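Listed below, chain by chain, are the residues.
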Amino acid sequence: MGDHTDTSGNEAHQLRTRLVGSLRSRGVIRSEAVETAMLAVPRHRFVPEAPLRIAYADDVYVTKRNRDGEPVSSASQPAIVAEMLEQLDVRPGHRVLEIGAGTGYNAALLDALVGPEGAVTTVDIDAETAGRARKALEEVGSGRVRVVQGDGELGFVDDAPYDRIIATVGTWDLPPAWWDQLAEGGRLVAPLSIRGCEHSVAFDYADGAMRSRSIVSCGFMPMRGLGSQEGQTVELSEGRIMTFHVEHEVEADGVRGVLDGRGTTVWTPVQLKVNDDATQLSLWLACAFAGYGRMSAPFGDHGLQRLLLRWANPAVVEGEDFAYLVCRRTGGGIEIGVRGHGPHGPALAARVAEEVRLWDRECRDGVSLQITAYRKGTGPEVEPRFIVPKRHTRLAIEVAFDGNGLE
């Protein structure tokens, strides 16, 4: 890796050690290889404009915004960086392709993991971002990383095949180039969106299919270029900041203002503890309903009943009908309910409530989901629990009983 000493000296080293120690104690870092790499690579050198304590905080750091003030490039939160590196399981000598160079920090970590016998290529669509990453990598002694300015949807065929591919931008699909450039038996880790529900999925590639080994909830800036996928936002109630974000292909205009009318609530017996993670339930509902989306009430203005989540609350649209998750406190924690609006809102709420009960019965207590991706035109021999079609692929999703699936 070269010499990482700089004038920041002891304070940077102490802050880096503290951050890595925290990630290790929380179980985010689980391997000696990832711990060693994160101790060796000076994150502050990739965000030199940030104060040291910000550079080593376990938080995302935005490095570039567009004209509308929306972030387009950042240094990802160290916790998800570490988690995805653990998912990727990079070994010395591996050839690795990274989609989304960002600051170059993740590429430097990959460089440390592959060692002198391996090779790392990172691709970014933005010329300024690629240039910044290249400069920072050279300055910390990782200049052998190949930085390419190009569309990540196309990968980089010159250095293929790769033992590992990792995307550090949110992707809606797994494009053909990634399949073509990943070696048989290789692994792909990508923040994959299923109807707006995003998880970092580690796929093992064998026999023409990609099968998930682990699934971790995450949130990334979406891909730009050929792989971009636009969504749509619908205002649910006139004069109130309540919105519903859903994929572009879904017919959602029929629910504009739907919350201004009467609704019906179906309560389930399903309980969550106060601090339980609801992302697994969100993923189940995203797989079950083509009209799944995310409902938000940022200022807590959610009407008579409390949303399960203020941001990205699970919701479903079908024509003029709309249903969303609500909750109420009980002696045992929080009970989940489903509130329906529209001409057939009660029936839709009942169907969503039934899926919540199925999730509770089949996908809790260590049982999880497994995602298998097939290239377009191929698929499983047996009909799976859920099928989610994409532009280039079809996702077959099953309840996993073998320990693989959602972490």
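Scoring rules and cut-offs
- Residues numbered from 1 in each chain as written.
- Predicted model: local features only at pLDDT ≥ 70, side-chain atom pairs only at ≥ 80, totals over all residues.
- Heavy atoms only, no water.
- Phe/Tyr/Trp six-rings, centres within 6.5 Å; stacked < 30°, edge-to-face > 60°.
- Helix = DSSP H or I, 4+ residues; strand = E, 2+ residues; numbered from the N terminus.
- Buried < 20%, exposed > 50% of the residue type's maximum accessible area, 1.4 Å probe, protein only.
- Lys NZ or Arg CZ within 6 Å of the ring centre and 35° of its normal.
- Lys, Arg positive; Asp, Glu negative; His and termini not counted.
- Salt bridge = Lys/Arg side-chain N within 4 Å of Asp/Glu carboxyl O.
- Contact = heavy atoms within 4.5 Å.
- 1 Å grid on protein atoms, 1.4 Å probe; cavity = no way out; pocket = protein on both sides within 12 Å on 5 of 7 lines; lining within 4 Å.
- Points joined across faces, edges and corners; volume = space filled by probe spheres on them.
- Nonpolar A, V, L, I, M, F, W, Y, C, P; charged D, E, K, R; others polar.
- Pairing = 2+ DSSP bridges.

## Quick word on the packing of aromatic side chains
(1) Moving on: Under the defined criterion, the tally for this structure stands at 5 aromatic pairs.
(2) Moving on: Each ring, one from phenylalanine 244 and one from phenylalanine 322, has its centre 5.0 Å from the other, and the planes form 80 degrees; the classification is edge-to-face. With phenylalanine 244 in strand E11 (residues 243-247) and phenylalanine 322 in strand E16 (residues 321-330), this pair connects stretches of sequence that are 78 residues apart. When sorted by exposure, phenylalanine 244 lands in the same class as phenylalanine 322, which is buried.
(3) Moving on: Here a set of aromatic residues connected by ring pairs shows up, and it is made of Phe244, Phe322 and Tyr324.
(4) Moving on: For arginine 43, the ring lying beneath its charged end belongs to tyrosine 105, and the centroid distance is 5.9 Å.
(5) Moving on: The side chain of arginine 385 reaches across the aromatic face of phenylalanine 386, ending 5.9 Å from its centre.

## Quick word on the side chain of glutamate 198
(1) Moving on: Within the secondary structure layout, glutamate 198 lies in strand E8 (residues 197-206).
(2) Moving on: Look at glutamate 198: it is buried, it has no salt bridge, and the nearest opposite charge is arginine 294 at 7.7 Å.
(3) Moving on: Once residues lying within four places of it in the same chain are set aside, the contact partners of glutamate 198 are Gly170, Pro191, Leu192, Ser193, Ser217, Cys218, Gly219 and Phe220.

## Things to note about the pattern of salt bridges
(1) Moving on: The full count for this structure, using the stated rule, is 17 salt bridges.
(2) Moving on: Between lysine 135 and glutamate 139 there is a salt bridge whose closest N-O contact spans 2.7 Å. Of the two residues, lysine 135 and glutamate 139 both sit in helix H6 (residues 127-139), 4 residues apart, roughly one turn of that helix.
(3) Moving on: The exposure class assigned to glutamate 139 is partly exposed, which follows from its relative accessible area of 41%.
(4) Moving on: Among the charged side chains, a salt-bridge network with shared partners connects Arg187, Asp204 and Arg213.

## Considering empty space enclosed by the protein
It is the rolling of a water-molecule-sized probe over the atoms that shows where space remains empty.
(1) Moving on: Scanning the model with the defined rule gives 1 cavity of 30 Å³ or more in all.
(2) Moving on: Space inside the largest cavity adds up to approximately 40 Å³.
(3) Moving on: In terms of lining, the largest cavity is formed by Glu153, Thr171, Trp172, Asp173, Pro175, Gly227, Arg391 and His392.
(4) Moving on: Its residues assigned to classes, the lining of the largest cavity shows 2 nonpolar, 3 polar and 3 charged.

## As for the pairing of strand E18 (residues 368-375)
(1) Moving on: A large share of E18 lies buried, amounting to 7 of its 8 residues.
(2) Moving on: As paired strands, strand E9 (residues 209-217) and E18 are joined by 3 bridges and run antiparallel to one another. The residue of E18 that forms the bridge with arginine 211 is threonine 372.
(3) Moving on: Bridge count for E18 against strand E20 (residues 393-400) is 8 bridges, and the pairing is antiparallel. By the bridge assignment, alanine 373 is partnered in E20 with leucine 395.

## Topic: the layout of surface pockets
(1) Moving on: Taken as a whole, the second largest pocket holds about 460 Å³ of empty space.
(2) Moving on: As for the second largest pocket, its lining consists of 20 residues, and the residues nearest its centre are Gly196, Cys197, Arg294, Trp311 and Ala312.
(3) Moving on: Listed by contribution, the elements that provide at least two residues to the lining of the second largest pocket are E8, E11, helix H8 (279-288) and strand E13 (292-296).
(4) Moving on: A class-by-class count of the residues in the lining of the second largest pocket yields 8 nonpolar, 9 polar and 3 charged.

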